Amino acid sequence: MVARHARAGASGARIEVLLHEPVGIISPDLYGHFTEHIGGVIYDGIWVGEKSKVPNQGGIRTALVEHMKRLRPSVVRWPGGCFADSYNWRDGVGPRPKRPRRTNFWINDSFLQAAPDGPAKYEPNQFGTNEFMRFCRLIGAQPYLATNVRSNTARDFYEWVEYCNAPALQTTLAQQRAAEGEAAPFGVRFWGVGNESWGCGGNFTPEEYAAEFRRFTAWVPRYPDASGLAFIGSGTNGADLDWTRRFFARLTERDAGLINLLYGWALHYYCGTAGKGGAIDFTVDDWYELLAKAIIMETLITQHWAAMGEVDRRHQVKLIVDEWGAWHRAGTEVARTHLFGQTSTMRDALIAALTLDIFNRHADKVAMANVAQLINNLHSLFLAREGKFVVTPNFHVFEMYTAHHHGQSLRAIFEVPSLGAAATKGNLLPALAGSASLRENNLVLTVVNPHAADSRESEIRLRGAAIQTGAARVLAASDIHAHNTFDQPLAVAPRSLPVEAKGSAFTHVFPPASVTRLELRLE
Ligand code: AHR
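Here is a short report on the structure shown in this document.

So, how was this worked out
Residues numbered from 1 in each chain as written. Predicted model: local features only at pLDDT ≥ 70, side-chain atom pairs only at ≥ 80, totals over all residues. Heavy atoms only, no water. Helix = DSSP H or I, 4+ residues; strand = E, 2+ residues; numbered from the N terminus. Buried < 20%, exposed > 50% of the residue type's maximum accessible area, 1.4 Å probe, protein only. Contact = heavy atoms within 4.5 Å. Areas by Shrake-Rupley, 256 points an atom, 1.4 Å probe, with all protein chains shown as cover. Lys, Arg positive; Asp, Glu negative; His and termini not counted. Charge placed at Lys NZ, Arg CZ, Asp CG, Glu CD. Disulfide = S-S within 2.5 Å. Near = heavy atom within 4 Å. Polar contact = N/O pair within 3.5 Å; in protein donor to acceptor, adjacent residues only side chain to side chain. Expected span 1.5 Å × (residues − 1). Axes fitted to C-alpha atoms, helices over the stretch in contact; angles between N-to-C directions. Parallel < 35°, antiparallel > 145°, perpendicular 65-115°, else oblique. Left-handed = near helix turned anticlockwise from the far one by under 90°. Nonpolar A, V, L, I, M, F, W, Y, C, P; charged D, E, K, R; others polar. Core = buried A, V, L, I, M, F, W, Y, C linked by side-chain atoms within 4.5 Å. Phe/Tyr/Trp six-rings, centres within 6.5 Å; stacked < 30°, edge-to-face > 60°. Lys NZ or Arg CZ within 6 Å of the ring centre and 35° of its normal. Salt bridge = Lys/Arg side-chain N within 4 Å of Asp/Glu carboxyl O. Pairing = 2+ DSSP bridges.

**With respect to the overall build of the protein chain**
No. 1: When helices and strands are tallied, the protein chain shows eleven helices and 23 strands.
No. 2: Projected onto its principal axes, the C-alpha coordinates of the protein chain cover approximately 65 × 55 × 40 Å.
No. 3: Per-residue burial for the protein chain yields a buried fraction of 62% across its 523 residues.
No. 4: Across the protein chain, the fraction of contacts at a sequence separation of at least 24, relative to all contacts at a separation of at least 6, is 78%.
No. 5: Split by element, the accessible area of the protein chain, about 19,200 Å² in all, is 50% carbon and sulfur.
No. 6: Positive and negative side-chain charges in the protein chain, numbering 53 and 52 respectively, have mean positions lying 2 Å apart.

**Concerning the state of the cysteines**
No. 1: Under the defined criterion, the tally for this structure stands at one disulfide.
No. 2: No disulfide involves Cys164; its sulfur sits 11 Å from that of Cys136, the nearest cysteine.
No. 3: For the unlinked cysteine Cys271, the closest cysteine sulfur is that of Cys82, found at 18 Å.
No. 4: Take Cys271: its relative accessible area is 3%, and that puts it in the buried class.

**Brief notes about the site of the ligand**
No. 1: Taken together, Phe34, Glu36, Gly81, Cys82, Trp106, Asn195, Glu196, Tyr270, Glu323, Trp327, Gln373 and Leu378 make up the full set of residues near the ligand.
No. 2: Note that an oxygen atom of the ligand is positioned 3.1 Å from one of the side-chain N or O atoms of Asn195.
No. 3: For the ligand, an oxygen atom lies 2.7 Å from a polar atom in the side chain of Glu323.
No. 4: A total of 280 Å² of accessible area belongs to the ligand in isolation, and the protein chains cover 94% of it.

**Things to note about helix α4 (residues 154–165)**
No. 1: For α4, which comprises twelve residues, the first-to-last C-alpha distance of 16 Å matches the rise-based estimate of 16 Å (1.5 Å per residue) to within 8%.
No. 2: For α4, the buried fraction is high: ten of the twelve residues fall into the buried class.

**A few points about unusual backbone geometry**
Peptide bonds are, in most cases, trans, and in most cases residues other than glycine have a negative phi.
No. 1: The peptide bond linking Trp78 to Pro79 adopts the cis configuration, its omega dihedral lying at 5°.
No. 2: Look at the link from Gly80 to Gly81: it is a cis peptide, with omega at 15°.
No. 3: Its place among the elements puts Gly81 in the loop between β5 (75–78) and β6 (102–103).
No. 4: With a phi close to 40°, Glu196 is a non-glycine residue in the positive phi region.
No. 5: Tracing the sequence through the fold places Glu196 in the loop between β9 (190–193) and α6 (206–218).

**Some words on the packing of α4 against helix α5 (residues 172–179)**
Axes are the key here: two packed helices are described by the angle between their axes and the distance separating the axes.
No. 1: Remark: α4 packs on α5, axes separated minimally by 8 Å, with the N-to-C direction vectors making an angle of 50°. By the angle class used here, α4 and α5 are oblique. In this structure, the crossing between α4 and α5 has a hand that is right-handed. Together, Glu159, Glu162, Tyr163, Cys164 and Asn165 of α4 and Leu173, Gln176 and Arg177 of α5 make up the contact between the two elements.
No. 2: When the residues that make up the contact of α4 with α5 are grouped by side-chain class, the tally is three nonpolar, two polar and three charged.

**Remarks on the nonpolar core**
No. 1: In this structure, Trp191, Trp265, Trp324, Phe359 and Phe382 are the most contacted members of the largest nonpolar core, which totals 156 residues.
No. 2: Take this core: its biggest share by element is ten residues, from helix α10 (residues 346–361).

**Considering the packing of aromatic side chains**
No. 1: Across all of its chains, the model carries 33 aromatic pairs by this definition.
No. 2: Ring geometry for Trp160 versus Trp191: centroids 5.5 Å apart, planes at 75°, classification edge-to-face. Of this pair, Trp160 sits in helix α4 while Trp191 sits in strand β9; the two residues are 31 residues apart in sequence, bridging distant segments of the chain.
No. 3: A relative accessible area of 2% means that Trp160 is categorised as buried.
No. 4: The class of Trp191 is buried, set by a relative accessible area of 0%.
No. 5: We note Arg77 situated over the ring of Phe34; from NZ or CZ to the ring centre the distance is 4.6 Å.
No. 6: Directly above the aromatic system of Phe111 lies the positively charged group of Arg336, at a separation of 4.0 Å from the ring centroid.

**So, the pattern of salt bridges**
No. 1: Going through the model one piece at a time under the given rule, you end up with 28 salt bridges.
No. 2: Here Arg245 ties to Glu310 by a salt bridge, and the two come within 2.9 Å at their closest N and O atoms. With Arg245 in helix α7 (residues 241–251) and Glu310 in the loop between α9 (296–309) and β12 (318–326), this residue pair connects regions lying 65 residues apart in the sequence.
No. 3: It is possible to trace a salt-bridge network through shared partners that takes in Asp44, Arg61, Arg385 and Glu386.

**Describing the pairing of strand β17 (residues 433–439)**
No. 1: Of all seven residues that make up β17, five are buried, and the element is covered over most of its length.
No. 2: Where strand β16 (residues 408–415) lies against β17, three bridges are found, and the strand directions are antiparallel. Paired with Ser409 across the bridge in β17 is Ser437.
No. 3: Between the antiparallel neighbours β17 and strand β18 (residues 442–449) lie two residues, among them Glu440 with a positive phi of about 50°.

**Here we look at the environment of Ala513**
No. 1: With respect to the element layout, Ala513 can be found in the loop between β22 (505–510) and β23 (514–522).
No. 2: On a C-alpha basis, the gap between Ala513 and Ala452 in space is 5.0 Å, while along the polypeptide they are 61 residues apart.

This is the structure we're talking about:
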C-alpha cells in the first residue's frame, strides 16, 4: 500500500452559501438502500435464520438492524436487481419449511461457479415478502418492491400488490397474509415495474418496454387505507438518453395523461473501477480517475431531466437513481459465495459523499436514490460473514449525511480551482465539492476534498445569515487505501472537531482525501 503524506494546504477557495436560494427539500429517500438475492446480501448478510448462533431478531442479523437504525433509513429496494425479473413472489410466502428451492438468477456468473453450493446458487426462499417487511419494520424504512416483468404476468404483479396491501381478511390473499401473522396490510407504496428492462430484465426496446409498462400499470388495486401507489419505470443505463426519450414518447403517444402512471424514472449508474487496480489496491492516478467518473452522475441527472422534460413539460416525473456506486474487480470478498462482495476504502467513501452531495444539489429532480448494495456487495455499508460484522467507510458517510435529511437544499457556490490536469492525469475534478442544507436554525455544509495529498483552506461565507456556533465531523485517513476489516474495524472512523466560526464568514482547512460535515448554528 502507498502511504499518503499530507502536504501543506492550498488556498484560493471560497464557498458561498445562499440562504435565500432554496433548491428543494432533501428527502431521506435520497439516502435509500438496495438489497438483492445475490451473493451474500440476503443470506449471511441480512438473514442468518432464527436458529443461528449469530445474534438475530427472528432470523434477521441484529448487528445490521442496530447499525441501520443509526442511519434513520427511509426506504429499501428488494428483491433485485436482475434477480427481480426471475422471482416469483409466491415462492417466498407460506410456511418456510415448505417453500421451494429455485435456481438463482446469478448462478451463471463465473465467480460463483467456483463457490460451494448454497443459497447464492440455489435460492431457498427463506427470506420472502414477510421477512423483508419485518426487516423494514425493524429498521424503520419503507419497502420498495421490484416486480418481475420479464418472466411473470401483470396478474402476478397486481396479486402481489393485493397480498401486500389488501385490507385485513378481505381477500383470500389477505387471509393468507394473516395466516402468517400479518393481518394488517403492509401498505407498500413504491413498486418498480421491472429492472434494467433494456438488459437482464427482458432485452426490450424502449417501445416494447413502454407497452409492458402500460399493461402492467393499467389496472392495479388501490385500497382506501393505503397511501397510494408510486410506479417506477425501469429507466436508463447511464448516459443512454435514447432509452429515456423513446420510452417517454411511446408511453404518451396515444394518451398524454398516461404520464400520470409514472411516479419516477429509474437511472442506474455505476462508475466502474479505474486502471489496473482493484478495490483496495490502486494507484493515485486510479484514485483521481475513479472520483472523476463518479461525478459524471451530475451530468446524467441534468441530461435525463432535460430529456424527460421534452414530454413531461411540468416535470411531474422525478428521477429515481435506484442503483449507484463503484464496481471494482473481484478479489476482496470476505467469502467465495459473496459475488461482488468488494471491500470499500476511503476512495469509495469519497465517491459516496460526492454522489450524495450531487443528489442534495438536485433535490428538485431526484426523488429517491438507492446505493448498490447494502451489505456484502458493491459499494456496501457493511461486510458480514457468519458471526463477524464490520462497517465500511461508506457507512460513516451515510451516518454523517443524515444531518441533511429533511433539510432545505440551498444553492452553494464553490469558487474553487480544478485540480491540475497534470496531477490528476487529465481527470477534471473541482478542488472542493459539496452541498448545503438548512433545517430550522441549523445549516449543514458537507465538503469533499478530493486531493490525495494536500489539505485545502477555504473561506466559507453565508449570504443572508450569521453563525452562532459551529462543529465539524471529519472522515479522513492517513492512507487513501484505508479500509475496515473484521480484525481492524476502526481503521477508518470519523472524528468530531470544534470549529471557530462566528458572523457570516470564516476560514476552514479541509484535510486531504476527506469528507467533512460542518454544522453551523445560526443566530
Ligand atoms: O447490483 C448488481 C446488479 O447490477 C443488479 O442486479 C443489476 O440491476 C445491475 O446490473
